[in-house]
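# Notes for the structure review
Listed below are the residues making up each chain.
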Amino acid sequence: MAKIIVITSGKGGVGKTTSSAAISMGLALRGHRTVVIDFDIGLRNLDIIMNCERRVVFDFVNVIQKEASLNQALIKDKRCENLYILPASQTRDKDALTKEGVKTVLDDLAEQFEYIVCDSPAGIEQGAQMALYYADEAIVVTNPEVSSVRDSDRILGILHSKSHRAETGQPPVREHLLITRYDPARVERGDMLNISDIEEILAIPLLGVIPESQAVLNASNKGIPVVLDEKSDAGQAYMDAVARFMGEDKPHRFLEAQRKGFLQRVFGG
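Summarised in this report is the structure supplied together with it.

A few words now on the side chain of Glu137. If you trace the backbone, Glu137 turns up in strand β6 (residues 137–142). Contacts of Glu137, omitting those with residues within four sequence positions, involve Lys3, Ile4, Ile5, Val6, Val173, Arg174, His176 and Phe245.

Written out as structure tokens, the structure is:
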């Protein structure tokens, strides 16, 4: 039975789409047939990060409105045979998403895939609520900043009260915390919240900590999910998070500030 995962947050710019690309690719690399859906109707960024924007002919809304079949809209990733992308529309409004239409598409995808990853837009409006409504699991993405954590807490409230599972009395959506853009040096200076503070506020299990890294920007600019950059700290941290999601016991890395040696302090670098 397919598992529906929403990647969500209350605040924009925290790395949801980067995380959706990395986590879906990570699941696919581990041999699981995976599809990632862009719910950000009107903007559409996932296909750029996945480097398939020129291959978009039909989109999520076309499928919902029966203007195209699911197979016509799905784009197979060139780097991993287990991964497919269902892009968003750039020309439609978020009201084009309906619970009935989304459910029909998810049900059809569930016949083909093990994991359905929903890349949610930020906030609590229609697109975001559609992305999380049918979720079995939620990965809540936050930066170590007060405003980001506060907005993530708001999203947890919506998961608890407005998801399909909440409305129908099923077991609750399983929640995971993913902290992105973590800079240990800034945490030490008091410029960012530390991990224990974030865990105390949100009170959900920590899935992963993704360090602030130039590799994330480089990968996005190249249209490559950063998880494919196996030498980068961010790529390794995302693969660790995927392993934990699959039930493996992995220690968290990249949590301490790098100490400069004597020569580095003297000569720089």
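There is more to say after this.
We now examine the pairing of β6. Side-chain positions along a regular strand alternate between the two faces of the sheet. Burial within β6 is extensive, with 6 of its 6 residues counted as buried. Here β6 shows two buried faces, one formed by Glu137, Ile139 and Val141 and the other by Ala138, Val140 and Thr142. Two strands pair when backbone bridges link them, and strand β1 (residues 3–8) and β6 are joined in this way by 4 bridges, in the parallel orientation. Residue pairing for β6: Thr8 is matched across the bridge by Val140. With 6 bridges connecting them, β6 and strand β7 (residues 174–182) associate as parallel partners. Paired with Ile139 across the bridge in β7 is His176.

When we look at burial in helix α10 (residues 195–202), the residues that qualify are Ile195, Ile198 and Leu202. Along the axis of α10, the buried positions cluster into a sector of 65°, meaning they face one direction only. Turning to α10, the residues buried within the fold contact β6, α7 (146–162), β7 and β8 (206–211). Remark: Ala203 follows α10 within two positions and exhibits a positive phi of approximately 55°.

A rise of 1.5 Å per residue sets the reference length of helix α1 (residues 16–29), with its 14 residues, at 20 Å; its end C-alpha atoms lie 20 Å apart and thus fit the reference within 8%. Positive backbone phi, approximately 95°, marks Gly31, located one or two places after α1.

Judged by nonpolar contacts, the single largest core of 52 residues is most densely connected at Phe39, Phe60, Leu86, Val102, Leu109 and Ile116. The element best represented in this core is α7, accounting for 5 residues. Among residues more than four places away in sequence, those in contact with Leu109 are Val35, Ile37, Leu70, Leu74, Leu86 and Ile116. In terms of nonpolar packing, the next biggest core, distinct from the first, is built from 37 residues, Val36, Ile85, Ile139 and Leu178 among them.

Turning next to the pattern of salt bridges. Summed over all chains, the structure comprises 12 salt bridges. Residue Asp77 pairs with Arg79 through a salt bridge whose shortest N-O separation is 2.7 Å. For Arg79, a relative accessible area of 35% gives the class partly exposed. A salt bridge links Arg150 to Asp151, with the nearest nitrogen and oxygen atoms 3.5 Å apart. Owing to a relative accessible area of 22%, Asp151 belongs among the partly exposed residues under this scheme. A cluster of three or more residues bridged by salt bridges with shared partners is formed by Lys3, Glu137 and Arg174.

Relative to each other, α1 and helix α12 (residues 233–245) sit at 60°, their axes nearing to 9 Å. On the basis of the axis angle, α1 is oblique to α12. Judged by the sense of rotation from one axis to the other, the crossing of α1 with α12 is right-handed. Each of Thr18, Ser19, Ala22, Ile23, Gly26 and Leu27 in α1 lies in contact with α12, whose residues at this interface are Tyr238, Met239, Val242 and Phe245.

A word on unusual backbone geometry. One non-glycine residue, Ala203, lies in positive phi territory at about 55°. Topologically, Ala203 is positioned in the loop between α10 and β8. At Phe254, a residue that is not glycine, the phi angle is positive and equals roughly 65°. Given a relative accessible area of 27%, Phe254 falls into the partly exposed group.

The rules behind each value
- Every residue gets a number counted from 1 within its own chain, in the order that chain's sequence is written.
- For this predicted model, a pLDDT threshold of at least 70 governs which residues receive local features, and a threshold of 80 or more governs which side-chain atom pairs are given and counted, while totals over whole chains, interfaces and linings are taken from all residues.
- Hydrogen atoms and water are omitted, and side-chain values are computed over all heavy atoms in the structure.
- For the purposes of this entry, the term helix denotes a DSSP run of H or I that reaches at least four residues, the term strand denotes a run of E that reaches at least two, and both are numbered from the N terminus.
- In what follows, residue pairs with any heavy atoms lying within 4.5 Å of each other are defined as contacts.
- Each residue is assigned to one of three classes by its accessible area relative to the maximum for its type, calculated with a 1.4 Å probe on protein chains only: buried under 20%, partly exposed between the two thresholds, exposed over 50%.
- What makes two strands pair is DSSP finding at least two bridges between them.
- The directions from the helix axis to the C-beta atoms are what the arc is built from.
- Here the expected length of a helix is defined as 1.5 Å per residue gap, with one fewer gap than residues.
- We call a set of buried Ala, Val, Leu, Ile, Met, Phe, Trp, Tyr and Cys residues a nonpolar core when their side-chain atoms join them within 4.5 Å.
- Between Lys or Arg on one side and Asp or Glu on the other, a salt bridge is scored when a side-chain nitrogen of the former is within 4 Å of a carboxyl oxygen of the latter.
- Fitted lines through C-alpha atoms give the axes, limited to the stretch in contact for helices. The angle between two N-to-C directions lies from 0 to 180 degrees.
- Here the angle decides the label: under 35 degrees means roughly parallel, over 145 means roughly antiparallel, 65 to 115 means roughly perpendicular, and every other value means oblique.
- A clockwise turn of the near helix away from the far one marks a right-handed crossing, whereas an anticlockwise turn of less than a right angle marks a left-handed crossing.

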